[in-house]
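Coordinate analysis (summary)
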Amino acid sequence: MKATLFRQHGGPEVLEYTDFPTPEPKAGELLVHLRAAALNRMDVLVRNGWTGLKLELPHINGADGAGVIAGLGEGVTEFDVGDHAAINANLGCGKCEFCQNGRDNLCRDWHLLGETIRGTYAEYVCVPARQLYKLPPEFNFHAAAAAALVYQTAWHSMVKRGGV
């Protein structure tokens, strides 16, 4: 697959558009053929790097994305190949008490796609099935990719924190 990645931290000049192995979905995961990815401020911060940031290099940025399900890992039953989906980039473990109660942002093993886990600036990405939202076939991939993470941030701030 093609991907935009970096091998060292720095400015835009460290980005490289190149071939990279296509990931294989593990049990409970889906392979998403990305049709849209959005730039998020976090992508720039990760590319620039910060003290203590641990990620596998080369790294693929991108938290936001939407696409078509291209492969199913073992045990996935809620999606079919060909379904359209948007990605929830907040990756909790799915097993702890916080994840089980819908508070995955408090998971002790929490990650953000594209931050410490390779992300959506690629043709394909694997994510847990619980991290996808089904989209109607006519829904615009670009709108879905641009809205997912910023919508979650705004919703959490207004509903959970603000009590609206």
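Computed from a predicted model, the values in this text were never measured in an experiment.

With that settled, the discussion passes to the sheet that holds strand β8 (residues 124-128). One open sheet holds the five strands; their spatial order is β8-β3-β4-β5-β9, and the pairing between them is antiparallel. For this open sheet the edge positions go to β8 and β9 (132-135), each flanked by a neighbour on one side alone. Strand-to-strand twist of the sheet, defined as the mean angle between neighbouring strand axes without regard to direction, takes the value 45 degrees.

Now for the environment of Y121. By the secondary structure assignment, Y121 is in the loop between β7 (111-112) and β8. Considered as a pair, Y121 and G65 are 56 residues apart in the sequence and their alpha carbons are 8.5 Å apart. Setting aside chain neighbours within four positions, we find Y121 in contact with A3, T4, A37, A38, L39, N40, D43, I60, N61 and G62.

Moving on: the environment of M1. Within the secondary structure, M1 is located in the segment before β1 (2-6). Overall, M1 belongs to the buried group, its relative accessible area being 17%. Through-space distance from the C-alpha of M1 to that of D64 is 18 Å; in sequence the pair is 63 residues apart. Apart from residues no more than four positions distant in its own chain, M1 is found in contact with T18, D19, F20, P21, T22, P23, I60, A122, E123 and Y124.

In this structure, F79 and L132 are the most contacted members of the largest nonpolar core, which totals 24 residues. It is strand β3 (residues 29-38) that provides the largest number of residues to this core, a total of three residues.

Okay, unusual backbone geometry next. Looking along the chain, the bond that leaves L57 and enters P58 is cis, with omega of 0 degrees. By the secondary structure assignment, P58 is in the loop between α1 (41-48) and β4 (64-72).

Glancing now at the pattern of salt bridges. According to the stated counting rule, one finds four salt bridges in the structure shown. One salt bridge in this structure joins R7 and E16, with 2.9 Å as the shortest N-O distance. Using a relative accessible area of 47% as the deciding quantity, one classes R7 as partly exposed. Judged by its relative accessible area of 28%, E16 is partly exposed. K134 is paired through a salt bridge with D83; the nearest N and O atoms lie 3.8 Å apart. With a gap of 51 residues between them, K134 in strand β9 and D83 in the loop between β4 and β5 (84-87) connect regions that are remote in the sequence.

Moving on to the pairing of β8. Across the five residues that make up β8, a large majority, four, are buried. In this structure, β3 lies alongside β8, joined through five bridges in antiparallel fashion. Residue pairing for β8: H33 is matched across the bridge by Y124.

Now for the side chain of N40. Looking at where N40 falls in the secondary structure, it is placed in the loop between β3 and α1. Owing to a relative accessible area of 15%, N40 belongs among the buried residues under this scheme. For N40, the contacting residues outside a window of four places in its chain are D64, Y121 and L149.

On to α1, then. Among all positions of α1, only M42, D43, V46 and R47 are buried. Looking down the long axis of α1, one finds its buried residues gathered within 135 degrees of arc, a one-sided arrangement. Those residues of α1 that are buried are in contact with β1, β2 (15-19), β3 and β7. At the N-terminal boundary of α1, the capping side chain belongs to N40, with an oxygen 2.9 Å from the backbone nitrogen of M42. G49 lies just past α1 and shows a positive phi near 85 degrees.

About the cut-offs
Residues numbered from 1 in each chain as written. Predicted model: local features only at pLDDT ≥ 70, side-chain atom pairs only at ≥ 80, totals over all residues. Heavy atoms only, no water. Pairing = 2+ DSSP bridges. Helix = DSSP H or I, 4+ residues; strand = E, 2+ residues; numbered from the N terminus. Axes fitted to C-alpha atoms, helices over the stretch in contact; angles between N-to-C directions. Contact = heavy atoms within 4.5 Å. Buried < 20%, exposed > 50% of the residue type's maximum accessible area, 1.4 Å probe, protein only. Core = buried A, V, L, I, M, F, W, Y, C linked by side-chain atoms within 4.5 Å. Salt bridge = Lys/Arg side-chain N within 4 Å of Asp/Glu carboxyl O. Arc of directions from axis to C-beta. Polar contact = N/O pair within 3.5 Å; in protein donor to acceptor, adjacent residues only side chain to side chain.

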